[in-house]
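Summary of structural features
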Amino acid sequence: MSTAAQAPEFRPPSRRQAAWFWFRVWAHVLRRGLRNAADFSLRRHRPVSEQGWAEAPVLAEVRSPLWQDSAPEEFMLLAGKVENLRRAVPAFDGLHLPAGQTLSFWRQLGPPWRGRGFVPGREIRAGCVVPTVAGGLCQLSNALARAARLAGFEFLERHGHSARVAAEPGLGGTSMDRDDATVFWNYVDLRVRAPLDCRLELELSAEELMVRIRARHPVGSAGTPAARARSLRTLPLHPEAPPARGCLSCGEQRCFRHGRGPRPAPEAARRLVLLNQPGPELLQWLDGQAGWSEVQRWRPWQQAARRAAADPTPVTVPTWTLRLRLLALGLCRALALRLQLQAFWPRRAPPRQALMQWADEALARSYARHLRPEQRELLLDQSLLLPLAEAGALGGRRYEVWLNCLPMSELQARLDQAAQRWPQDPNLRDFRLPLARAERELRALHGAAALWTSHVEVARLLREKHGLTVQLRPWQWKQELPQVPVRTGISGPPRHALAGSALGRKGAWELAQVLRELGWPLRVLGSPPSDPALWAGLKVEHRSPDRSDALDGLDALLLPAYIEHAPRLLLRAHGLGLPLIVSPACGLPPGMAWAEVAAGDPAGLRAALLALATSLARP
């Protein structure tokens, strides 16, 4: 009866062994580099759009967890591995692999250098898990190898690990041993050949890595080559390979690598708040939350106030590079929105929404560059969600979103609805996002761990139309004392104002149509219209909403808007006790408004105004 072989006694590596190891590594790198230069069959494959492939059959789909259980001392290596996967996944996502073409892991990804954003992760070397730049990419190569085998690809090169990590999927000692594929730049490669036209789809969610292979025709169908799952250059795997020792948790003080790994990050440093222009609702909610670090946009050089004396929250102070970048973005945004960049576009200034979108994307890209691997949980403004998702910064992270506006798909649908009614208004069609980006925003919302908002209409829409769970927080407004007394027993028309600029999306065209029929005057708390024909035949007074007397002498405030994301003026009027006639798009809770009318409904607006006049005429 045979007995299992005992694992050899562990001996710490020496500096001489490490020097000899790197000498051999660079010899192999140079030799493989020369061979790759002479191999003209290797090429980088380009990504293709999802259009035309969405209905293609799935040949294989592989999922592997990202955050496996490990020693707390090795969390930084685990976070570094996930960060390296964030850098590597875009190189493979969406690429088209023609039939008979070879996919080389390193040819497709390129050198994993620190200058390209790769950070220290964990690598198995001589039986130890050691910190090394771009460590952890083996999880991606393992997933690609398993998906390739399930899809019937031909293996041209594959190498197995010399040791296994107990919590790492797809390594020695598991049912996935035949898919074990380690990689090391540039001579330890994974190379497969596709039997037919395929497209790779990769996704990095908060908890797992997904690899999917689609093909236009199933393997073995007429006109397609049969799949051959043979290995031409495969090193033997190690089904009984010993478990690797964690360099940061083994406690071996004789090793020269002892104490050289990254320091563990505290729990509070793993949760970060990314703000754009937060409202009082978000700031008040943050005051009651513990364990979040905060980066302020407009005041990045100031530390945010402590949450509570009993539970102080550390604050992430941005680097000077990020501080200067945020300051420059703030100045550019202010100039762009105030001056509309007329000096640079004298014929036609870009639309305001496009300028705001540009500023939000630039801010999100700055945040993405400065996110650290250990920051695993994020709370962010909705305006930063789409650019952060497109930058790949949300992969492998749990994130919560504070919703302050409608999703882009719904917002643009409402603008299109208004533009059909009022085609003469150019501001209703001045800016649109591509449909693919709007759908990407919805996918990012579905991937959020939690959604928060104060906007009732946004919460209702996402619940009913998209099946998302949204948690409501109450609006914040100042209760003005004393309140404005509501006039009664008046004989003339009520004195009311439009709570916004004279824009079509604020319901200005419907309001003008009704007021012409009634012959009533109007106060507009905002900028005048770009089309003077809007208020033709009406007595209109314009006031800035920032003036202290903006609401003086009013009997009601109106806002029959198609879109309204920040009803601050309405909340202020509610604190004064003024009646409100608004549309559901304003997002006020039930019972706050005196009357609600549907956006784009002149008949309903007329009825509400007449009912208000009747109510005010009573003694």
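Values in this document were obtained by computation on a predicted structure and should not be read as measured data.

Here we come to the overall build of the protein. Per the secondary structure count, the protein includes 14 helices and 22 strands. A burial count over the protein gives 51% of its 619 residues as buried. For the protein, the accessible surface area stands at approximately 30,000 Å², while carbon and sulfur atoms represent 54% of it.

Glancing now at the pattern of salt bridges. Within this structure, the stated rule accounts for 35 salt bridges. Between Arg271 and Glu377 there is a salt bridge, and its shortest N-O distance comes to 3.4 Å. Remark: Glu377 occurs in strand 13 (residues 377-381) and Arg271 occurs in strand 11 (residues 271-274); sequence separation between them is 106 residues. One salt-bridge network, held together by shared partners, links Glu61, Arg63, Arg199, Glu201, Glu208, Arg212 and Arg214.

Strand pairing in a sheet is mediated by backbone hydrogen bonds. Such pairs are either parallel or antiparallel. The strand order across the open sheet formed by four strands is 1-9-8-2, and the pairing between neighbours is antiparallel. Each of the sheet's edge strands pairs with one partner strand only, and the pair in question is strand 1 (58-65) and strand 2 (96-97). Strands strand 8 (198-204) and strand 9 (208-215) of the sheet are contacted by helix 2 (residues 75-92), whose axis makes an angle of about 155 degrees with strand 8. Of the strands in this sheet, strand 1, strand 8 and strand 9 are in contact with helix 4 (residues 138-150), which crosses strand 1 at around 150 degrees.

Glancing now at unusual backbone geometry. A cis amide bond, omega -15 degrees, links Trp185 with the succeeding residue Asn186. Along the chain, Asn186 falls in the loop between strand 6 (154-157) and strand 7 (191-193). Phi is positive for Ala134, close to 70 degrees, though the residue is something other than glycine. Relative to the helices and strands, Ala134 resides in the loop between strand 5 (128-133) and helix 4.

In this section: the nonpolar core. In terms of nonpolar packing, the biggest core is built from 85 residues, with Trp535, Leu557 and Leu609 touching the most fellow members. Among the elements that make up this core, the one with the highest residue count is helix 12 (residues 508-518) (seven residues). Dropping the residues within four chain positions of it, Leu609 is found in contact with Leu511, Val514, Leu515, Leu518, Trp520, Leu558 and Ile581. Counting residues in each nonpolar core, the second largest holds 48 residues, with Leu66, Ala148, Ala194 and Ala215 among its members.

A separate point is the side chain of Asn84. By secondary structure assignment, the location of Asn84 is in helix 2. Overall, the relative accessible area of 0% leaves Asn84 in the buried class. Look past the residues within four positions of Asn84 in its chain and what remains in contact with it is Phe118, Val119, Pro120, Gly121, Ala134, Gly135 and Leu137.

Tracing the backbone through its elements, the reader meets Ala512 in helix 12. Note: C-alpha distance between Ala512 and Leu538 (26 residues apart in sequence) is 7.8 Å.

Turning to the sheet that holds strand 3 (residues 102-104), a few remarks are in order. An order of 3-7-6 is seen for the three strands of this open sheet, with the pairing classed as antiparallel. Two strands lie at the open edges of the sheet, namely strand 3 and strand 6, each paired on one side alone. Along the sheet, successive strands turn relative to each other by an average axial angle of 25 degrees, direction set aside. Note that strand 3 and strand 7 share three bridges and pair antiparallel. Pairing of Leu103 across the sheet is with Val192, part of strand 7.

The next point concerns the confidence of the model for the protein. Of all residues in the protein, 73% attain a pLDDT of 70 or more, and the chain-wide mean is 78. Scored below 50 in pLDDT, residues 219-240 shows 42 contacts in the model against residues more than four places distant or in partner chains. Low confidence marks residues 295-317, where pLDDT is under 50. Its contacts with residues over four positions away, or in another chain, come to 56 contacts.

As a further point, take the packing of helix 2 against helix 4. Between helix 2 and helix 4, the shortest axis-to-axis distance is 9 Å and the interhelical angle comes to 45 degrees. Relative to helix 4, the element helix 2 is oriented oblique. Only Gln139, Leu140 and Leu144 of helix 4 make contact with helix 2, whose side of the interface consists of Lys81, Leu85, Ala88 and Phe92. Taken together, the residues that form the contact of helix 2 with helix 4 break down as five nonpolar, one polar and one charged.

Looking now at helix 5 (residues 280-287). The complete set of buried residues in helix 5 reads Glu281, Leu282, Trp285 and Leu286. In a view along the axis of helix 5, the buried residues occupy a sector of 130 degrees, so they form one face of it.

So, on to the packing of helix 12 against helix 14 (residues 602-617). Contact pair helix 12 / helix 14: the axes reach a minimum separation of 9 Å and the direction vectors enclose 55 degrees. Classified by the angle between their axes, helix 12 and helix 14 sit oblique to one another. The two elements helix 12 and helix 14 meet at a crossing, and its hand is right-handed. The residues of helix 14 that touch helix 12, namely those facing Glu510, Leu511, Gln513, Val514, Leu515, Glu517 and Leu518, are Pro602, Leu605, Arg606, Leu609 and Leu610. For the contact of helix 12 with helix 14, a count of residues per class yields eight nonpolar, one polar and three charged.

Further remarks concern the packing of aromatic side chains. Counted under the stated rule, the structure contains seven aromatic pairs. Summarising the aromatic geometry, the rings of Trp422 and Trp509 are spaced 5.6 Å apart at their centres and angled 20 degrees between planes, so their arrangement reads as stacked. On the criterion of sequence distance, the pair formed by Trp422 in the loop between helix 9 (408-421) and helix 10 (435-446) and Trp509 in helix 12 is long-range, its members being 87 residues apart. An aromatic cluster of at least three residues, connected via ring pairs, comprises Phe92, Phe105, Trp106 and Trp185. For Arg158, the ring lying beneath its charged end belongs to Phe155, and the centroid distance is 5.3 Å.

Once that is clear, we can look at the environment of Ala448. Its place among the elements puts Ala448 in the loop between helix 10 and strand 15 (450-453). Judged by relative accessible area, which is 15%, Ala448 ranks as buried. Those residues in contact with Ala448, other than ones at most four positions away along the chain, are Tyr399 and Val401.

Its place among the elements puts Gly395 in the loop between helix 8 (385-390) and strand 14 (398-403). A residue is classified by how much of its surface remains accessible, and Gly395, at 9% relative accessible area, is buried. Separated by 313 residues in sequence, Gly395 and Val82 place their C-alpha atoms 8.3 Å apart. Leave out the neighbours within four places in its chain, and Gly395 touches Val82, Arg86, Leu204 and Ser205.

Parameters at a glance
Think of each chain on its own: its residues are numbered from 1, step by step along the sequence as written. For this predicted model, a pLDDT threshold of at least 70 governs which residues receive local features, and a threshold of 80 or more governs which side-chain atom pairs are given and counted, while totals over whole chains, interfaces and linings are taken from all residues. The side-chain numbers reported here are obtained from all heavy atoms of the structure, hydrogens and water having been left aside. In DSSP terms, a helix is any run of H or I states spanning at least four residues, a strand is any run of E spanning at least two, and both are numbered starting from the N terminus. Relative accessibility thresholds used throughout: buried, under 20% of the residue-type maximum; exposed, over 50%; partly exposed, between the two (1.4 Å probe, protein chains only). The method behind every accessible area is Shrake-Rupley, applied with a 1.4 Å probe, and residues are considered shielded solely by the protein chains displayed. Salt bridge, as used here, is a side-chain nitrogen of Lys or Arg placed within 4 Å of a carboxyl oxygen of Asp or Glu. DSSP bridges decide pairing: two strands pair if at least two such bridges lie between them. By definition, residues are in contact when any of their heavy atoms lie within 4.5 Å. Helix axes are fitted to C-alpha atoms over the stretch in contact, other axes to C-alpha atoms as well, and angles between N-to-C directions run from 0 to 180 degrees. Here, nonpolar core refers to any group of buried Ala, Val, Leu, Ile, Met, Phe, Trp, Tyr and Cys residues whose side-chain atoms link them within 4.5 Å. Note: pLDDT gives the predictor's confidence per residue, expressed from 0 to 100. The scheme is simple: roughly parallel for angles under 35 degrees, roughly antiparallel for over 145, roughly perpendicular for 65 to 115, oblique for anything else. Nonpolar residues are Ala, Val, Leu, Ile, Met, Phe, Trp, Tyr, Cys and Pro. Charged residues are Asp, Glu, Lys and Arg, and all others, Gly as well, are polar. Of all possible arcs, the one meant is that of the directions from the helix axis to the C-beta atoms. A clockwise turn of the near helix away from the far one marks a right-handed crossing, whereas an anticlockwise turn of less than a right angle marks a left-handed crossing. Paired rings are identified among Phe, Tyr and Trp, the last through its six-membered ring, by centres lying within 6.5 Å, and are further divided according to the angle between planes into stacked (under 30 degrees), edge-to-face (over 60) and tilted (the rest). When the NZ atom of lysine or the CZ atom of arginine is within 6 Å of a ring's centre and also within 35 degrees of its normal, the charge is said to sit over that ring.

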